[in-house]
Amino acid sequence: MLFIRLCEWESSCPLFMHRWSKLFIPTLREAPADAEVASHKFLLRAGYIRQLGAGIYNYLFLGQRSLNKIIAIVREEMDTIAQEFYLPGILPKEPWVESGRWSAIGENMFRLKDRKGADLCLGFTHEEIMTSMARNELRSYKQLPQIWYQIQTKFRDEPRPKSGLLRVRQFIMKDSYSFDLDAAGLDKSFDRHDAVYRRIFTRCGLNFVSVEADSGAMGGSQSQEFMVYTDAGEDLIASCPQCGYAANLEKATSRLDPVKEMEPSGDGMPELVSTPGCAAIADVAAFFSISPASDIKCVAYMALKRGEHGKPHAWRGVAVFLRGDHQVNETKLLGVIGAAELRTMQAEELSHYFNGPAGYLGPVGLRPDTQTLGDGLTVIVDQSLEGRRNMVCGANQLDYHLRNVTPGRDFGWTLSADIRSVNEGEKCPKPACNGQLLVGKAVEVGHIFKLGYKYSESMGARVLDPNGKEVTPIMGSYGIGIERILTAAVEQGNDANGFWLPVSIAPFTVVVTVTNMADPSLRNTGETVASELAAAGLDVLLDDRQERAGVKFKDADLIGIPYRINVGKKAGDGQVELVTRATSTSEDVALADLLATMKERVEEQSLLEASA
RNA sequence: CGGGGAGUGGCUCAGCCUGGUAGAGCACCUGGUUCGGGACCAGGGGGUCGGAGGUUCAAAUCCUCUCUCCCCGACCA
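Residues numbered from 1 in each chain as written. Chains lettered and ligands numbered in written order. Predicted model: local features only at pLDDT ≥ 70, side-chain atom pairs only at ≥ 80, totals over all residues. Heavy atoms only, no water.

## What to know about the sheet that holds strand E33 (residues 563-567)
With mixed pairing, six strands are arranged side by side in an open sheet as E1-E31-E30-E33-E34-E35. Two strands close off the open sheet at either side, each with one partner strand: strand E1 (18-19) and strand E35 (585-590). As paired strands, strand E30 (residues 510-514) and strand E31 (residues 540-543) are joined by four bridges and run parallel to one another. Bridging from a neighbouring strand, Val511 pairs with Leu541 of E31. Here helix H13 (residues 520-535) sits on the sheet in contact with E1, E30, E31 and E33, set at roughly 170 degrees to E30. (Pairing = 2+ DSSP bridges. Helix = DSSP H or I, 4+ residues; strand = E, 2+ residues; numbered from the N terminus. Contact = heavy atoms within 4.5 Å. Axes fitted to C-alpha atoms, helices over the stretch in contact; angles between N-to-C directions.)

Structure representation (structure tokens):
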């Protein structure tokens, strides 16, 4: 007896299968009111997750099972290019001080003290720790390249966790770090990650794109994100349907159509015009009967300058000028001026730097500092203003604007750069391409980027090159959000009744639904079918609950299992129904053919995933 | 951090304005009838209304403070 009972729960048992009646799969008829996005609602309703706090979730049986499958794929692929480590989640302060990030990261890092009063933090990412390993252990170019990875929990005290598992404060990440002797080596490590990431996301059945991304203020020369389009996503992607160009909006550029310049009036020099009550771009454009593209918009910021080791230094005034119909891209701006933080100017600051009121700010008469973030006012113009003529701008005087303003002639700047966000419909930036850019929302599932020498330099990692000379290894850093793969997959495949996952990451491949457990022959057929499929190696869930058929169908549709086999009315004739969740299609299959048919289906889908 | 919303059995929500010490549906337990798209009947268990303080004879309800969660924004190596 004991042996039999053990066998029932022992996964090495060839006839092992999961029985729904014994499992904890707490499905909800209604989604908790907190849930807004599809993946959040359905993962809750399907009993994959339960919320514990803001951005903190329990993963239940089904959720954990799916995450384990994702992790297995990630591990299998990563093992082809890298070595798996496991670093601690709780970390001492010192490495972070060395890299400068103990102060640079700020409140996004969870910090704590031990009983002796020593500072610790919860792992936010592991560049520092991997680099300290490298510094302590790597001595020779002969040991390079190295790629080390781990699959581990990360902690980030996000200012605003949201959307279920999309933005959380504790999550699982696959993070890897490469150490190479030179830039050419880094290129190789980067490319190997690119290839492996494509395999991983493909095997997970995701419909993804890779896009150029911002490398962030932390430096780095090349950065690429892997994104899945979904309205639940937080990132905006500009893409060209013609040539395939795709970039995060934080990075994307475009070609602008030429603007028809206005004719100069009077002597052609800047002329003061009374424009009472015209503080908004639309008012100004209407007043002068011009397009907003001929108006110069001003956005005034205070920027936090970085000091030594990235420590906050001082707030400096920054005036940004761009076309009236364009938007400042603050990520680009931060990168261009090298600041740590931005905020908009207050009224007193406006009068200090401009001697003028909001709504009527303009570039004429300002004295741009020659140095970015120097003591004076840093003036940044968007490069699209260069070469323009006869524009309209604020006069730094209430109710007055200037016209006939020509950049370069009538005002100068500290720096001209691309600091605007592209808009949908603008021309693709690729010189040979005529396409028009589309902008769509997406969720980031992976990110690879070339770190350069940032950490190896600041933390003093060195190896000897073939000439016996000390050199600093060059690094790359690469991440995959494990839960985001699950979330993206749910966002990618759901309808009013629930969702479906790709076979590769679904908690079960098939659910065998016995429509009436009170009927002994149905029950026996269900048992036989399920155990045969299980014996053939499929992940089978037998729905042996004493529930009505309708309840079982609803539940099965909800919980993400790609295939369902109904054992019901036709079982007496040796037939069952095979339902494909993604398409809601059903077909009758003879019991004798069932195993072969199921195997065929699963292989078909694997092939699809492999060629996606 | 700024703006908005919400905390009442496991879930969805009503009650609050016009104080009189708690209700519905679903879920759960028992019995019965059902059994292919979230069944029905009967019986039953479970909440002191996020927390603290105050006003009052009396507070879920009014006042003050506070905590938590959600949404928008800011932020997001």
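Resuming the write-up.
## Some thoughts on the packing of helix H3 (residues 61-78) against helix H12 (residues 482-492)
Each pair of packed helices can be described by the angle between their axes along with the distance between the axes. Interaxial distance between H3 and H12 falls to 9 Å at its minimum, and their mutual angle equals 115 degrees. Here H3 and H12 pass one another in a crossing that is right-handed. Across the interface between the two elements, Ser66, Leu67, Ile70, Ile71 and Val74 from H3 touch Ile482, Glu483, Ile485 and Leu486 from H12. Residue classes in the contact of H3 with H12 are distributed as seven nonpolar, one polar and one charged. (Left-handed = near helix turned anticlockwise from the far one by under 90°. Nonpolar A, V, L, I, M, F, W, Y, C, P; charged D, E, K, R; others polar.)

## A look at the pairing of E35
In this structure, strand E34 (residues 575-580) lies alongside E35, joined through six bridges in antiparallel fashion. Within E35, the position partnered with Val576 by the bridge is Val589. Taking the residues that link successive antiparallel strands as the turn, the E34-E35 hairpin has four residues, and the phi of Ser584 there is positive, at about 55 degrees.

## Brief notes about the domain arrangement of chain A
A common way to express how large an interface is: the accessible area buried when the components associate. As far as domains go, chain A holds domain 1 (38-252 + 439-490), domain 2 (271-421) and domain 3 (508-611). Taken over C-alpha atoms, the centre of domain 2 sits 64 Å from the centre of domain 3. (Domains from an automatic or database assignment.)

## Quick word on unusual backbone geometry
Leave glycine aside and you will find that most residues have negative phi; peptide bonds, for their part, are mostly trans. Backbone torsion omega between Leu144 and Pro145 reads -5 degrees, so that peptide bond is classified as cis. Inspection of the secondary structure assignment puts Pro145 in the loop between helix H6 (127-137) and strand E8 (146-155). For Asn355, which is not a glycine, the phi torsion comes out positive at approximately 55 degrees. Tracing the backbone shows Asn355 in the loop between helix H10 (347-354) and strand E19 (378-382). On the basis of relative accessible area, Asn355 is assigned to the exposed category, the value being 64%. In this structure, Asp399 is a non-glycine residue whose phi angle is positive, near 65 degrees. (Buried < 20%, exposed > 50% of the residue type's maximum accessible area, 1.4 Å probe, protein only.)

## Focus on H13
End to end, H13 covers 22 Å across 16 residues, agreeing with the expected 22 Å (1.5 Å per residue, within 8%). The N-cap of H13, judged by a side-chain oxygen 2.9 Å from the amide nitrogen of Ser521 a few residues on, is Asp519. (Expected span 1.5 Å × (residues − 1). Polar contact = N/O pair within 3.5 Å; in protein donor to acceptor, adjacent residues only side chain to side chain.)

## Comments concerning the side chain of Glu444
Structurally, Glu444 is set in strand E24 (residues 438-452). Here His447 takes part through its side chain, which lies 3.2 Å from a polar atom of the side chain of Glu444.

## Focus: the packing of aromatic side chains
As enumerated under the stated definition, the model contains 13 aromatic pairs in all. Pairing Phe42 with Phe499 gives two aromatic rings, centres 6.3 Å apart and planes at 40 degrees, and the pair type is tilted. Taken as a pair, Phe42 in helix H2 (residues 38-45) and Phe499 in strand E29 (residues 498-500) lie far apart in primary sequence, 457 residues in all. Residue classification places Phe499 among the buried residues on the basis of a relative accessible area of 0%. On the basis of an interplanar angle of 45 degrees and a centroid distance of 6.1 Å, the ring pair of Phe61 and Phe508 is categorised as tilted. Linking Phe61 in helix H3 with Phe508 in the loop between E29 and E30, this pair joins segments that are 447 residues apart in sequence. Since its relative accessible area comes to 28%, Phe61 is described here as partly exposed. (Phe/Tyr/Trp six-rings, centres within 6.5 Å; stacked < 30°, edge-to-face > 60°.)

## So, the environment of Met133
Structurally, the position occupied by Met133 is in helix H6. Accessibility expressed as a relative area gives 30% for Met133, which makes it partly exposed. For the pair Met133 and Leu594, spaced 461 residues apart in sequence, the C-alpha to C-alpha distance is 53 Å. Discounting residues that sit within four places of it in the chain, Met133 has contacts with Phe85, Leu138 and Trp148.

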